[in-house]
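What follows is the residue order along each chain.
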Amino acid sequence: QVQLVESGGGLVQVGGSVRLSCAASGRPFSAYAMGWFRQAPGKEREFVAGMSGSRTLYTDSVKGRFTISRDDAKNTVYLQMNGLKPEDTAVYYCATRTTTLLSSRADVYHFWGQGTQVTVSS
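What comes next is a walk through the structure. All values reported here derive from a predicted model rather than from experimental measurement. (Residues numbered from 1 in each chain as written. Predicted model: local features only at pLDDT ≥ 70, side-chain atom pairs only at ≥ 80, totals over all residues. Heavy atoms only, no water.)

1. Brief notes about the side chain of Arg65
Quick note on the threshold: The numbering of helices and of strands both runs from the N terminus, where a helix is a DSSP run of H or I of at least 4 residues and a strand a run of E of at least 2. Each polar contact in these results corresponds to two N or O atoms within 3.5 Å; when the atoms are within protein, one needs to be able to donate a hydrogen and the other to accept it, and residues that are neighboring in sequence are counted only if both atoms are side-chain atoms. We call two residues in contact whenever any of their non-hydrogen atoms come within 4.5 Å of each other.
Mapped onto the fold, Arg65 is located in the loop between β6 (55-58) and β7 (66-71). In terms of polar contacts, Arg65 uses its side chain to reach the backbone carbonyl oxygen of Gly83, at 2.9 Å. With near-sequence residues (within four places) excluded, Arg65 lies in contact with Gln80, Met81, Asn82, Gly83, Leu84, Lys85 and Asp88.

The following block contains the structure:
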């Protein structure tokens, strides 16, 4: 049974930073693709960043501001978010799938965390 637990969200001012963590149990993150998604009120869930092996993928709106990384010893994936904007406000989810193929499609990810709220105030 795969379990993902996100943490690190909260209230941050515009231009600030926050680091999200996603701890996995039941399987190693290093062996499969994983992704960070977010969902704002009234909007669809959207891809933010993903990682598989040493490969990374980012949506255009976060390139240069967000960084995804992984600590294999802790089986934890991180999303470092800098230069936060009000439009980054959302519930952030981590997810993993059963292949190594990176994808920005939410429907191909099989396991999801419960989400963590990030609110950027101006």
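Having seen the structure, we can now continue with the description.
2. Some words on the nonpolar core
Applied cut-off: What we call a nonpolar core is a set of buried Ala, Val, Leu, Ile, Met, Phe, Trp, Tyr and Cys residues that are connected through their side-chain atoms within 4.5 Å. When accessible area is computed with a 1.4 Å probe and restricted to protein chains, residues below 20% of their type maximum are described as buried, those above 50% as exposed, and intermediate ones as partly exposed.
Ranked by internal contacts, the top residues of the largest apolar core, which has 27 residues, are Trp36, Val48, Phe66, Ile68, Leu79, Met81 and Tyr92. Broken down by secondary-structure element, the contributors of at least two residues to this core are β3 (18-25), β4 (34-39), β5 (46-52), β7, β8 (76-81), β9 (90-96) and β11 (116-121). Tallying contributions element by element places β3 first for this core, with four residues. Not counting residues within four places of it along the chain, the set of residues in contact with Met81 comprises Gly16, Ser17, Val18, Leu20, Arg65, Phe66, Tyr92 and Val118. Phe37, Ala95, Val108 and Tyr109 belong to the second largest nonpolar core, which has five residues in total.

3. A word on the state of the cysteines
Put simply, the rule is: When two cysteine sulfur atoms lie within 2.5 Å, the pair is treated as a disulfide.
Per the stated rule, a full pass over the model turns up one disulfide. For Cys22, the disulfide goes to Cys94, at an S-S distance of 1.9 Å. For the disulfide bridge between Cys22 and Cys94, the dihedral angle about the S-S bond is near 55°, and by the sign convention the bridge is right-handed. Within this pair, whereas Cys22 is found in strand β3, its partner Cys94 is found in strand β9, the two being separated by 72 residues in sequence. Accessibility expressed as a relative area gives 0% for Cys22, which makes it buried.

4. With respect to the packing of aromatic side chains
Condition: Each aromatic pair joins two rings of Phe, Tyr and Trp (for Trp, the six-membered one) with centres within 6.5 Å, and gets the label stacked for planes under 30 degrees apart, edge-to-face for over 60, and tilted for any other angle.
If you walk through the whole model with that rule in mind, you get five aromatic pairs. For the ring pair Phe37 and Trp112, a centre distance of 5.0 Å and an interplane angle of 55° mean the geometry is tilted. Of this pair, Phe37 sits in strand β4 while Trp112 sits in strand β10 (residues 111-112), and the two are 75 residues apart along the sequence. Trp112 sits in the partly exposed class, given a relative accessible area of 26%. When the centroid spacing of 6.4 Å and the interplanar angle of 80° are considered together, the rings of Tyr93 and Trp112 count as edge-to-face. Placement of the pair is Tyr93 in strand β9 and Trp112 in strand β10, with a sequence separation of 19 residues. Given a relative accessible area of 13%, Tyr93 falls into the buried group.

5. Some thoughts on unusual backbone geometry
Although it is not a glycine, Asn75 sits at a positive phi angle of roughly 50°. Tracing the backbone through its elements, the reader meets Asn75 in the loop between β7 and β8. Under the relative-accessibility criterion, Asn75 is labelled buried at 15%.

6. A short note on the pattern of salt bridges
We apply this condition: Definition used for salt bridges: Asp or Glu carboxyl oxygen within 4 Å of a side-chain nitrogen of Lys or Arg.
Under the defined criterion, the tally for this structure stands at six salt bridges. Here Asp88 ties to Arg38 by a salt bridge, and the two come within 2.9 Å at their closest N and O atoms. Highlighted residues: Asp88 in the loop between β8 and β9 and Arg38 in strand β4, separated in sequence by 50 residues. When sorted by exposure, Asp88 lands in the same class as Arg38, which is buried. For Asp72, the salt bridge is made with Arg70, and the minimal N-O distance between the two is 2.5 Å. Residue Arg70 is classed as partly exposed on the basis of its relative accessible area of 25%.

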